[in-house]
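Understanding the architecture of this molecule
If you want the building blocks of each chain, they are given just below.
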Amino acid sequence: MATFGTLSDRLTDTFRNLRKKGQLSPADVDATVREIRRALLDADVALSVVKDFAATVRERALGDEVNRALNPAQQVVQIVNEELVAILGGQQRRLQFAKTAPTVIMLAGLQGSGKTTFAGKLAKQLEKEGHTPLLVAADLQRPNAVGQLQVVAERAGAAVYAPEPGNGVGDPVRVARDGVEHARRQQHDVVIIDTAGRLGVDAELMKQASDIRRVTDPDEVLFVIDAMIGQDAVNTAKAFQEGVDFTGVVLSKLDGDARGGAALSVASVTGRPIIYASTGEGLDDLEAFHPDRMASRILD
Ligand code: GDP
(Lines give C-alpha, C1' and ligand atoms only; values in the text may rest on other atoms or scores of the structure.)
Protein backbone atom coordinates (compact mmCIF):
# COMPACT_ATOMS: atom_id res chain seq x y z
CA MET A 1 0.00 0.00 0.00
CA ALA A 2 1.72 3.12 -1.27
CA THR A 3 0.10 5.32 1.35
CA PHE A 4 2.23 4.20 4.26
CA GLY A 5 5.48 3.75 2.35
CA THR A 6 7.57 6.45 4.01
CA LEU A 7 6.14 5.94 7.48
CA SER A 8 6.68 2.23 7.19
CA ASP A 9 10.29 2.68 6.03
CA ARG A 10 11.08 5.04 8.87
CA LEU A 11 9.61 2.78 11.52
CA THR A 12 11.49 -0.17 10.04
CA ASP A 13 14.75 1.81 10.34
CA THR A 14 13.96 2.76 13.92
CA PHE A 15 13.28 -0.83 14.89
CA ARG A 16 16.36 -2.10 13.06
CA ASN A 17 18.52 0.18 15.21
CA LEU A 18 16.67 -0.86 18.32
CA ARG A 19 17.17 -4.56 17.62
CA LYS A 20 20.93 -4.06 17.61
CA LYS A 21 20.77 -3.38 21.32
CA GLY A 22 20.48 -6.03 24.01
CA GLN A 23 19.05 -4.53 27.18
CA LEU A 24 17.31 -1.21 26.65
CA SER A 25 18.12 1.78 28.82
CA PRO A 26 15.52 4.46 29.48
CA ALA A 27 17.54 6.66 27.11
CA ASP A 28 17.18 4.05 24.34
CA VAL A 29 13.44 3.95 24.90
CA ASP A 30 13.19 7.73 24.84
CA ALA A 31 15.18 7.97 21.63
CA THR A 32 13.02 5.35 19.98
CA VAL A 33 9.79 7.00 21.07
CA ARG A 34 11.08 10.34 19.78
CA GLU A 35 11.79 8.83 16.36
CA ILE A 36 8.36 7.19 16.20
CA ARG A 37 6.77 10.47 17.20
CA ARG A 38 8.57 12.37 14.45
CA ALA A 39 7.74 9.74 11.83
CA LEU A 40 4.04 9.90 12.73
CA LEU A 41 3.96 13.70 12.67
CA ASP A 42 5.72 13.74 9.30
CA ALA A 43 3.06 11.33 8.04
CA ASP A 44 0.45 13.96 8.99
CA VAL A 45 -1.01 12.06 11.93
CA ALA A 46 -2.89 14.50 14.18
CA LEU A 47 -0.80 15.94 17.01
CA SER A 48 -3.26 14.88 19.73
CA VAL A 49 -3.16 11.30 18.48
CA VAL A 50 0.65 11.28 18.26
CA LYS A 51 1.03 12.69 21.77
CA ASP A 52 -1.21 10.06 23.35
CA PHE A 53 0.34 7.30 21.31
CA ALA A 54 3.90 8.29 22.23
CA ALA A 55 3.05 8.66 25.91
CA THR A 56 1.42 5.22 26.06
CA VAL A 57 4.22 3.49 24.16
CA ARG A 58 6.83 5.16 26.37
CA GLU A 59 5.10 4.22 29.59
CA ARG A 60 4.68 0.61 28.52
CA ALA A 61 8.21 0.40 27.08
CA LEU A 62 9.73 1.57 30.35
CA GLY A 63 7.65 -0.89 32.33
CA ASP A 64 8.13 -4.44 33.50
CA GLU A 65 6.88 -6.21 30.40
CA VAL A 66 9.97 -5.00 28.53
CA ASN A 67 12.43 -5.47 31.41
CA ARG A 68 11.42 -9.06 31.82
CA ALA A 69 11.32 -9.85 28.11
CA LEU A 70 13.90 -12.17 26.58
CA ASN A 71 14.11 -9.83 23.64
CA PRO A 72 13.35 -6.29 24.85
CA ALA A 73 13.52 -4.69 21.39
CA GLN A 74 11.03 -7.18 20.02
CA GLN A 75 8.79 -6.44 22.97
CA VAL A 76 8.84 -2.72 22.16
CA VAL A 77 7.90 -3.46 18.55
CA GLN A 78 5.04 -5.56 19.87
CA ILE A 79 3.86 -2.68 22.06
CA VAL A 80 3.96 -0.28 19.11
CA ASN A 81 1.96 -2.78 17.09
CA GLU A 82 -0.69 -3.17 19.80
CA GLU A 83 -1.02 0.58 20.27
CA LEU A 84 -1.31 1.12 16.50
CA VAL A 85 -4.12 -1.42 16.39
CA ALA A 86 -5.75 0.47 19.26
CA ILE A 87 -5.67 3.87 17.51
CA LEU A 88 -7.03 2.23 14.36
CA GLY A 89 -10.08 1.14 16.34
CA GLY A 90 -9.07 -2.17 17.93
CA GLN A 91 -11.49 -4.83 16.72
CA GLN A 92 -12.78 -5.11 13.19
CA ARG A 93 -16.27 -3.63 12.91
CA ARG A 94 -18.57 -5.01 10.22
CA LEU A 95 -21.41 -3.24 8.48
CA GLN A 96 -24.57 -3.46 10.57
CA PHE A 97 -27.79 -4.61 8.99
CA ALA A 98 -31.30 -3.76 10.16
CA LYS A 99 -33.39 -6.49 11.78
CA THR A 100 -36.19 -5.58 9.41
CA ALA A 101 -35.30 -4.73 5.81
CA PRO A 102 -34.44 -2.42 4.27
CA THR A 103 -31.12 -1.56 5.86
CA VAL A 104 -30.51 2.12 5.20
CA ILE A 105 -26.94 3.31 4.65
CA MET A 106 -26.35 7.01 4.23
CA LEU A 107 -23.06 8.36 2.85
CA ALA A 108 -21.60 11.72 3.83
CA GLY A 109 -18.35 13.52 3.08
CA LEU A 110 -16.71 16.29 1.14
CA GLN A 111 -17.09 16.59 -2.61
CA GLY A 112 -14.53 14.44 -4.36
CA SER A 113 -13.95 12.28 -1.30
CA GLY A 114 -15.06 9.19 -3.20
CA LYS A 115 -18.69 8.78 -2.04
CA THR A 116 -20.22 7.97 -5.40
CA THR A 117 -17.46 5.53 -6.27
CA PHE A 118 -17.84 3.89 -2.87
CA ALA A 119 -21.62 3.64 -3.34
CA GLY A 120 -20.98 1.58 -6.48
CA LYS A 121 -18.33 -0.56 -4.81
CA LEU A 122 -20.53 -1.31 -1.83
CA ALA A 123 -23.52 -2.10 -4.06
CA LYS A 124 -21.42 -4.52 -6.06
CA GLN A 125 -20.05 -6.22 -2.98
CA LEU A 126 -23.49 -6.51 -1.38
CA GLU A 127 -24.91 -8.01 -4.56
CA LYS A 128 -22.20 -10.65 -4.54
CA GLU A 129 -23.32 -11.50 -1.03
CA GLY A 130 -26.89 -11.97 -2.23
CA HIS A 131 -28.37 -8.58 -1.28
CA THR A 132 -30.50 -6.44 -3.59
CA PRO A 133 -29.21 -2.89 -3.01
CA LEU A 134 -30.86 0.25 -4.29
CA LEU A 135 -28.74 3.35 -4.85
CA VAL A 136 -30.49 6.63 -4.12
CA ALA A 137 -29.23 9.76 -5.87
CA ALA A 138 -29.69 12.46 -3.24
CA ASP A 139 -26.70 14.51 -4.39
CA LEU A 140 -28.48 17.21 -6.34
CA GLN A 141 -25.77 19.77 -5.80
CA ARG A 142 -23.38 18.94 -8.61
CA PRO A 143 -24.97 19.09 -12.06
CA ASN A 144 -23.74 15.65 -13.08
CA ALA A 145 -23.89 13.82 -9.77
CA VAL A 146 -27.10 11.92 -10.54
CA GLY A 147 -25.74 10.86 -13.95
CA GLN A 148 -22.49 9.76 -12.36
CA LEU A 149 -24.31 7.59 -9.83
CA GLN A 150 -26.35 6.07 -12.65
CA VAL A 151 -23.15 5.14 -14.49
CA VAL A 152 -21.61 3.62 -11.38
CA ALA A 153 -24.82 1.72 -10.61
CA GLU A 154 -24.94 0.30 -14.11
CA ARG A 155 -21.36 -0.91 -13.81
CA ALA A 156 -22.22 -2.44 -10.45
CA GLY A 157 -25.40 -3.97 -11.85
CA ALA A 158 -27.46 -2.22 -9.17
CA ALA A 159 -30.79 -0.38 -9.33
CA VAL A 160 -30.97 3.40 -8.88
CA TYR A 161 -33.64 5.69 -7.54
CA ALA A 162 -33.19 9.19 -8.97
CA PRO A 163 -35.49 12.19 -8.98
CA GLU A 164 -37.64 12.50 -12.06
CA PRO A 165 -38.03 15.95 -13.53
CA GLY A 166 -40.80 17.76 -11.69
CA ASN A 167 -40.85 15.22 -8.90
CA GLY A 168 -38.88 16.58 -6.02
CA VAL A 169 -36.03 17.89 -8.16
CA GLY A 170 -33.92 20.16 -6.04
CA ASP A 171 -35.06 18.63 -2.77
CA PRO A 172 -32.55 15.99 -1.74
CA VAL A 173 -34.30 15.31 1.57
CA ARG A 174 -37.48 14.35 -0.23
CA VAL A 175 -35.57 12.25 -2.77
CA ALA A 176 -33.86 10.37 0.08
CA ARG A 177 -37.14 9.71 1.87
CA ASP A 178 -38.93 8.65 -1.34
CA GLY A 179 -35.95 6.45 -2.21
CA VAL A 180 -36.32 4.50 1.02
CA GLU A 181 -40.05 4.14 0.38
CA HIS A 182 -39.33 2.93 -3.13
CA ALA A 183 -36.89 0.34 -1.77
CA ARG A 184 -39.53 -0.91 0.64
CA ARG A 185 -42.11 -1.26 -2.13
CA GLN A 186 -39.69 -2.91 -4.55
CA GLN A 187 -38.26 -5.14 -1.84
CA HIS A 188 -34.67 -4.00 -2.00
CA ASP A 189 -33.08 -5.14 1.24
CA VAL A 190 -30.41 -2.40 1.36
CA VAL A 191 -30.63 1.29 0.46
CA ILE A 192 -27.47 3.31 -0.14
CA ILE A 193 -28.08 7.06 -0.13
CA ASP A 194 -25.48 9.21 -1.88
CA THR A 195 -25.57 12.77 -0.53
CA ALA A 196 -24.09 16.06 -1.66
CA GLY A 197 -20.63 17.15 -0.63
CA ARG A 198 -19.23 20.64 -0.93
CA LEU A 199 -15.60 21.48 -1.32
CA GLY A 200 -15.43 22.60 2.29
CA VAL A 201 -17.56 21.98 5.33
CA ASP A 202 -20.50 24.37 5.38
CA ALA A 203 -23.56 24.88 7.51
CA GLU A 204 -26.12 24.42 4.75
CA LEU A 205 -24.56 21.14 3.72
CA MET A 206 -24.61 19.88 7.29
CA LYS A 207 -28.22 20.89 7.75
CA GLN A 208 -29.18 19.02 4.59
CA ALA A 209 -27.24 15.92 5.63
CA SER A 210 -28.73 16.00 9.10
CA ASP A 211 -32.26 16.42 7.63
CA ILE A 212 -31.65 13.38 5.40
CA ARG A 213 -30.49 11.47 8.47
CA ARG A 214 -33.61 12.45 10.38
CA VAL A 215 -36.13 11.48 7.69
CA THR A 216 -34.46 8.22 6.63
CA ASP A 217 -33.38 6.99 10.08
CA PRO A 218 -30.33 5.13 8.71
CA ASP A 219 -28.78 2.04 10.26
CA GLU A 220 -25.36 3.29 9.22
CA VAL A 221 -24.10 6.76 8.37
CA LEU A 222 -20.75 6.30 6.70
CA PHE A 223 -18.36 9.22 6.51
CA VAL A 224 -16.16 8.87 3.44
CA ILE A 225 -12.78 10.51 3.80
CA ASP A 226 -10.00 10.87 1.27
CA ALA A 227 -6.74 9.60 2.76
CA MET A 228 -4.92 12.26 0.75
CA ILE A 229 -6.28 15.23 2.69
CA GLY A 230 -3.61 15.13 5.35
CA GLN A 231 -3.85 17.44 8.33
CA ASP A 232 -7.33 18.67 7.31
CA ALA A 233 -8.70 15.21 8.04
CA VAL A 234 -9.19 15.79 11.72
CA ASN A 235 -11.15 19.03 11.44
CA THR A 236 -13.26 17.71 8.59
CA ALA A 237 -14.04 14.51 10.49
CA LYS A 238 -14.94 16.44 13.64
CA ALA A 239 -17.21 18.78 11.68
CA PHE A 240 -19.06 15.84 10.11
CA GLN A 241 -19.27 14.10 13.44
CA GLU A 242 -20.94 17.13 14.98
CA GLY A 243 -23.09 17.78 11.92
CA VAL A 244 -24.38 14.29 11.09
CA ASP A 245 -23.00 12.04 13.82
CA PHE A 246 -21.75 9.27 11.56
CA THR A 247 -21.57 5.66 12.73
CA GLY A 248 -18.53 4.56 10.75
CA VAL A 249 -15.75 5.67 8.44
CA VAL A 250 -14.72 4.73 4.90
CA LEU A 251 -11.13 5.58 4.02
CA SER A 252 -10.81 6.21 0.32
CA LYS A 253 -7.81 6.49 -2.00
CA LEU A 254 -5.58 4.41 0.22
CA ASP A 255 -3.89 3.30 -2.99
CA GLY A 256 -2.52 6.83 -3.49
CA ASP A 257 0.75 8.25 -2.28
CA ALA A 258 -0.75 10.09 0.69
CA ARG A 259 1.26 10.04 3.86
CA GLY A 260 -1.45 8.20 5.73
CA GLY A 261 -2.14 10.64 8.55
CA ALA A 262 -5.87 10.79 7.91
CA ALA A 263 -6.09 7.03 8.06
CA LEU A 264 -4.21 6.94 11.33
CA SER A 265 -6.04 9.80 13.02
CA VAL A 266 -9.67 9.58 12.17
CA ALA A 267 -10.85 6.60 14.24
CA SER A 268 -9.01 7.80 17.30
CA VAL A 269 -10.15 11.42 17.02
CA THR A 270 -13.82 10.64 16.37
CA GLY A 271 -14.18 7.40 18.31
CA ARG A 272 -15.92 5.91 15.25
CA PRO A 273 -14.67 2.72 13.60
CA ILE A 274 -13.22 2.49 10.11
CA ILE A 275 -15.34 -0.07 8.32
CA TYR A 276 -13.99 -0.03 4.74
CA ALA A 277 -10.83 0.89 2.89
CA SER A 278 -11.26 1.97 -0.70
CA THR A 279 -8.14 1.27 -2.70
CA GLY A 280 -8.66 2.23 -6.33
CA GLU A 281 -11.00 3.56 -8.99
CA GLY A 282 -12.30 0.12 -9.96
CA LEU A 283 -15.51 -1.17 -8.40
CA ASP A 284 -13.74 -4.18 -6.94
CA ASP A 285 -11.16 -2.06 -5.11
CA LEU A 286 -12.85 -2.26 -1.73
CA GLU A 287 -11.66 -4.02 1.40
CA ALA A 288 -13.17 -4.57 4.81
CA PHE A 289 -10.96 -2.69 7.24
CA HIS A 290 -8.99 -4.75 9.75
CA PRO A 291 -7.09 -2.64 12.30
CA ASP A 292 -4.63 -5.46 13.00
CA ARG A 293 -3.83 -6.09 9.34
CA MET A 294 -3.37 -2.38 8.71
CA ALA A 295 -0.98 -2.10 11.66
CA SER A 296 1.01 -5.07 10.35
CA ARG A 297 1.23 -3.51 6.90
CA ILE A 298 2.63 -0.34 8.42
CA LEU A 299 5.14 -2.14 10.61
CA ASP A 300 6.27 -4.81 8.13
P1 GDP B 1 -17.71 12.17 -4.56
O2 GDP B 1 -17.71 13.56 -5.05
O3 GDP B 1 -17.48 12.11 -3.07
O4 GDP B 1 -18.89 11.37 -4.97
O5 GDP B 1 -16.40 11.46 -5.17
P6 GDP B 1 -16.25 10.49 -6.44
O7 GDP B 1 -16.72 9.12 -6.09
O8 GDP B 1 -16.84 11.15 -7.63
O9 GDP B 1 -14.67 10.38 -6.55
C10 GDP B 1 -13.86 11.50 -6.88
C11 GDP B 1 -12.67 11.01 -7.71
O12 GDP B 1 -11.86 10.14 -6.93
C13 GDP B 1 -13.07 10.21 -8.95
O14 GDP B 1 -12.20 10.57 -9.99
C15 GDP B 1 -12.87 8.76 -8.54
O16 GDP B 1 -12.55 7.94 -9.64
C17 GDP B 1 -11.70 8.89 -7.60
N18 GDP B 1 -11.67 7.84 -6.56
C19 GDP B 1 -12.67 7.46 -5.73
N20 GDP B 1 -12.27 6.49 -4.88
C21 GDP B 1 -10.98 6.24 -5.18
C22 GDP B 1 -9.97 5.33 -4.64
O23 GDP B 1 -10.18 4.57 -3.69
N24 GDP B 1 -8.74 5.39 -5.22
C25 GDP B 1 -8.46 6.23 -6.26
N26 GDP B 1 -7.22 6.22 -6.75
N27 GDP B 1 -9.35 7.10 -6.76
C28 GDP B 1 -10.60 7.10 -6.25
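Residues numbered from 1 in each chain as written. Predicted model: local features only at pLDDT ≥ 70, side-chain atom pairs only at ≥ 80, totals over all residues. Heavy atoms only, no water.

This part is about the packing of aromatic side chains. Scanning the model with the defined rule gives 3 aromatic pairs in all. Taken together, the ring pairs in this structure connect F223, F240 and F246 into an aromatic cluster. (Phe/Tyr/Trp six-rings, centres within 6.5 Å; stacked < 30°, edge-to-face > 60°.)

The subject of this paragraph is the nonpolar core. Across soluble globular proteins, you tend to see nonpolar side chains buried next to one another. Core analysis: the largest hydrophobic core is formed by 76 residues, its most contacted members being L7, I193, F240 and L264. With near-sequence residues (within four places) excluded, L264 lies in contact with F4, L7, L40, V45, V49, L84, I87, L88 and I298. Residues I105, A119, A162 and V250 belong to the second largest nonpolar core, which totals 26 residues. (Core = buried A, V, L, I, M, F, W, Y, C linked by side-chain atoms within 4.5 Å. Buried < 20%, exposed > 50% of the residue type's maximum accessible area, 1.4 Å probe, protein only. Contact = heavy atoms within 4.5 Å.)

Around the ligand, the structure places 17 residues, and the nearest of them are G112, T116, T117, D255 and E281. At 2.7 Å, a backbone N or O of G112 approaches an oxygen atom of the ligand. Note that an oxygen atom of the ligand is positioned 2.8 Å from one of the side-chain N or O atoms of Q148. Considered on its own, the ligand offers 580 Å² of accessible surface; in the complex 80% of this is hidden by protein. Taken together, the residues of the shell around the ligand sort by class into 1 nonpolar, 10 polar and 6 charged. (Near = heavy atom within 4 Å. Polar contact = N/O pair within 3.5 Å; in protein donor to acceptor, adjacent residues only side chain to side chain. Areas by Shrake-Rupley, 256 points an atom, 1.4 Å probe, with all protein chains shown as cover. Nonpolar A, V, L, I, M, F, W, Y, C, P; charged D, E, K, R; others polar.)

Before going further, it helps to examine the sheet that holds strand 4 (residues 190-195). An order of 3-2-4-1-5-6-7-8 is seen for the 8 strands of this open sheet, with the pairing classed as mixed. At either end of the open sheet lies a strand with only one pairing partner, and these are strand 3 (159-161) and strand 8 (286-288). Going from strand to strand, the sheet's axes swing by 25° on average, the running direction of each strand aside. Lying over the sheet, helix 6 (residues 115-128) contacts strand 1 (103-108), strand 2 (133-138), strand 4, strand 5 (220-226), strand 6 (248-252), strand 7 (274-278) and strand 8, oriented at roughly 170° with respect to strand 4. (Pairing = 2+ DSSP bridges. Helix = DSSP H or I, 4+ residues; strand = E, 2+ residues; numbered from the N terminus. Axes fitted to C-alpha atoms, helices over the stretch in contact; angles between N-to-C directions.)

Counted at 1.5 Å a residue, the expected span for helix 9 (residues 203-216) with its 14 residues is 20 Å, and the 20 Å between its end C-alpha atoms agrees. Every buried residue of helix 9 is listed here: L205, M206, Q208, A209, D211, I212 and T216. In the core, the buried residues of helix 9 are packed alongside strand 1, strand 2, helix 8 (172-186), strand 4 and helix 10 (232-244). The N-cap of helix 9, judged by a side-chain oxygen 3.1 Å from the amide nitrogen of E204 a few residues on, is D202. Count one or two residues on from helix 9 and you reach D217, which has phi positive near 45°. (Expected span 1.5 Å × (residues − 1).)

The geometry of helix 10 relative to helix 11 (residues 261-270) is characterised by a closest axis approach of 9 Å and an angle of 35° between their N-to-C directions. Regarding helix 10 and helix 11, the two cross each other, and that crossing is right-handed. Contacts from A233, V234, A237, K238 and Q241 in helix 10 reach A262, S265, V266, V269 and T270 in helix 11. Of the residues contributing to the contact of helix 10 with helix 11, the split by class is 6 nonpolar, 3 polar and 1 charged. (Left-handed = near helix turned anticlockwise from the far one by under 90°.)

Before going further, it helps to examine the pairing of strand 5. The buried fraction of strand 5 amounts to 7 of the 7 residues, a majority that puts the element mostly inside the structure. Where strand 1 meets strand 5, 4 bridges bridge the pair, whose relative direction is parallel. Its bridge partner being in strand 5, A108 is matched across the sheet by F223. When strand 5 meets strand 6, the two strands line up parallel, connected through 5 bridges. By the bridge assignment for strand 6, I225 is matched with L251.

Our focus in this paragraph is the environment of L251. Position of L251 relative to the elements: it lies in strand 6. The spacing of L251 and V266 is 15 residues in sequence and 9.2 Å in space, taken between C-alpha atoms. Each residue touching L251, except ones within four places of it in the same chain, is listed here: I225, A263, V266, I274, Y276, A277, S278 and F289.

Quick look at the pairing of strand 1 now. Among the 6 residues of strand 1, 6 are classified as buried, and the element is accordingly described as predominantly covered. By the alternation rule, side chains of strand 1 split into T103, I105 and L107 and V104, M106 and A108, which are all buried. Relative to strand 4, strand 1 is paired through 4 bridges, and the arrangement is parallel. Within strand 4, the position partnered with M106 by the bridge is I193.

With respect to the element layout, S113 can be found in the loop between strand 1 and helix 6. By relative accessible area, which is 5% here, S113 ends up buried. Looking at S113, its side chain comes within polar contact range of the main-chain oxygen of L110, at 2.7 Å.

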